[in-house]
Amino acid sequence: MISEKLGAAINDQVNKEWWSAGIYKAIEAYYSSNDLPGLANYFNIQALEELSHGEKLFEYMLEVGAKVELKPFPEIKGDYSSALDAAQYALDHEKLVTSLINDLMTLAKEENDHAAQIMLQWFVTEQVEEVASAQQLASDLKVVEGDGRGLLMVDREMGQRSFAAPE
Ligand SMILES: [Fe+2]
Ligand SMILES: [Fe+2]
């Protein structure tokens, strides 16, 4: 049994994860249209990860019988002033998601829902990784700011990333 309040909060997070996927698809399109296919690849994979995060929460909701309600996305920003600007936006977004996950965990504790806490633990750990990799990308792009060759090197490196579905 899940409380109505916690069920609604997890439902919100499902929507936020799929919104995140939309944001990263927009960033992918931005990089692709600026001839940076490696960075575009990186954000395509980022979007696939967000879809899988939403799926994980969605499956949990079905399992515990919580009410699913899909909602329209909030704003999806598609215009960025530079490669660094887009990466910085992604970093800020990951920080926002981290605070949402932390709030969810706090609520699961208040509701004394042990199963939800165990499920959410995965997301707490995942967010540490998500913020760290977004931070790394933003720092790399800051280092090469104004240096076309450096930017190409970062782009090549980001082209190496491939998707591994979380278990
Ligand atoms: Fe996520
Ligand atoms: Fe994320």
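Here we summarise the structure given alongside this text. Everything numeric in this text was worked out from a predicted model, so none of it was measured.

1. Here we look at the nonpolar core
Next up, step 1: One finds Ile27, Tyr31, Leu39, Phe43, Ala83 and Ala87 to be the most contacted residues of the largest nonpolar core, which totals 41 residues.
Next up, step 2: Of all the secondary structure elements, the ones that give two or more residues to this core are helix 1 (4-33), helix 2 (37-64), helix 3 (83-110), helix 4 (114-143) and helix 5 (148-158).

2. Description of helix 5
Next up, step 1: Looking only at helix 5, the buried set comprises Leu151, Val154, Asp155 and Met158. Down the axis of helix 5, the sector holding all buried residues measures 100 degrees, keeping them to one side.
Next up, step 2: Lining the buried residues of helix 5 we find helix 2, helix 3 and helix 4.

3. Concerning unusual backbone geometry
Next up, step 1: Phi is positive for Asp35, close to 55 degrees, though the residue is something other than glycine.
Next up, step 2: If you trace the backbone, Asp35 turns up in the loop between helix 1 and helix 2.
Next up, step 3: Positive phi, close to 60 degrees, is recorded for Asn112, a residue that is not glycine.
Next up, step 4: Mapping Asn112 onto the fold places it in the loop between helix 3 and helix 4.
Next up, step 5: Given 10 C-beta atoms within a 10 Å radius, Asn112 is considered exposed.

4. Here we look at the environment of Ser99
Next up, step 1: Mapped onto the elements, Ser99 comes out in helix 3.
Next up, step 2: Distance in space between the C-alpha atoms of Ser99 and Val143 is 27 Å, their sequence separation being 44 residues.

5. Some remarks on the packing of helix 3 against helix 4
Packed helices, taken two at a time, are described by the angle their axes make and the gap between the axes.
Next up, step 1: One way to put it is that helix 3 packs onto helix 4 with a least axis distance of 9 Å and a crossing angle of 160 degrees. Put simply, helix 3 runs roughly antiparallel to helix 4. Note on packing geometry: the crossing formed by helix 3 with helix 4 is left-handed.
Next up, step 2: The class makeup of the residues in the contact of helix 3 with helix 4 is 19 nonpolar, five polar and five charged.

6. Considering the packing of helix 1 against helix 2
Next up, step 1: Two elements in contact, helix 1 and helix 2, have axes whose closest approach is 8 Å; the angle formed by their N-to-C orientations is 165 degrees. As the angle between them shows, helix 1 and helix 2 are arranged roughly antiparallel. Taken as a pair, helix 1 and helix 2 cross one another with a handedness that is left-handed.
Next up, step 2: For the contact of helix 1 with helix 2, the class distribution of residues is 17 nonpolar, nine polar and four charged.

Criteria and thresholds
Residues numbered from 1 in each chain as written. Chains lettered and ligands numbered in written order. Predicted model: local features only at pLDDT ≥ 70, side-chain atom pairs only at ≥ 80, totals over all residues. Core = buried A, V, L, I, M, F, W, Y, C linked by C-beta atoms within 7 Å. Buried ≥ 20, exposed ≤ 12 C-beta atoms within 10 Å, placed from the backbone. Helix = DSSP H or I, 4+ residues; strand = E, 2+ residues; numbered from the N terminus. Arc of directions from axis to C-beta. Contact = placed C-beta atoms within 7 Å. Axes fitted to C-alpha atoms, helices over the stretch in contact; angles between N-to-C directions. Parallel < 35°, antiparallel > 145°, perpendicular 65-115°, else oblique. Left-handed = near helix turned anticlockwise from the far one by under 90°. Nonpolar A, V, L, I, M, F, W, Y, C, P; charged D, E, K, R; others polar.

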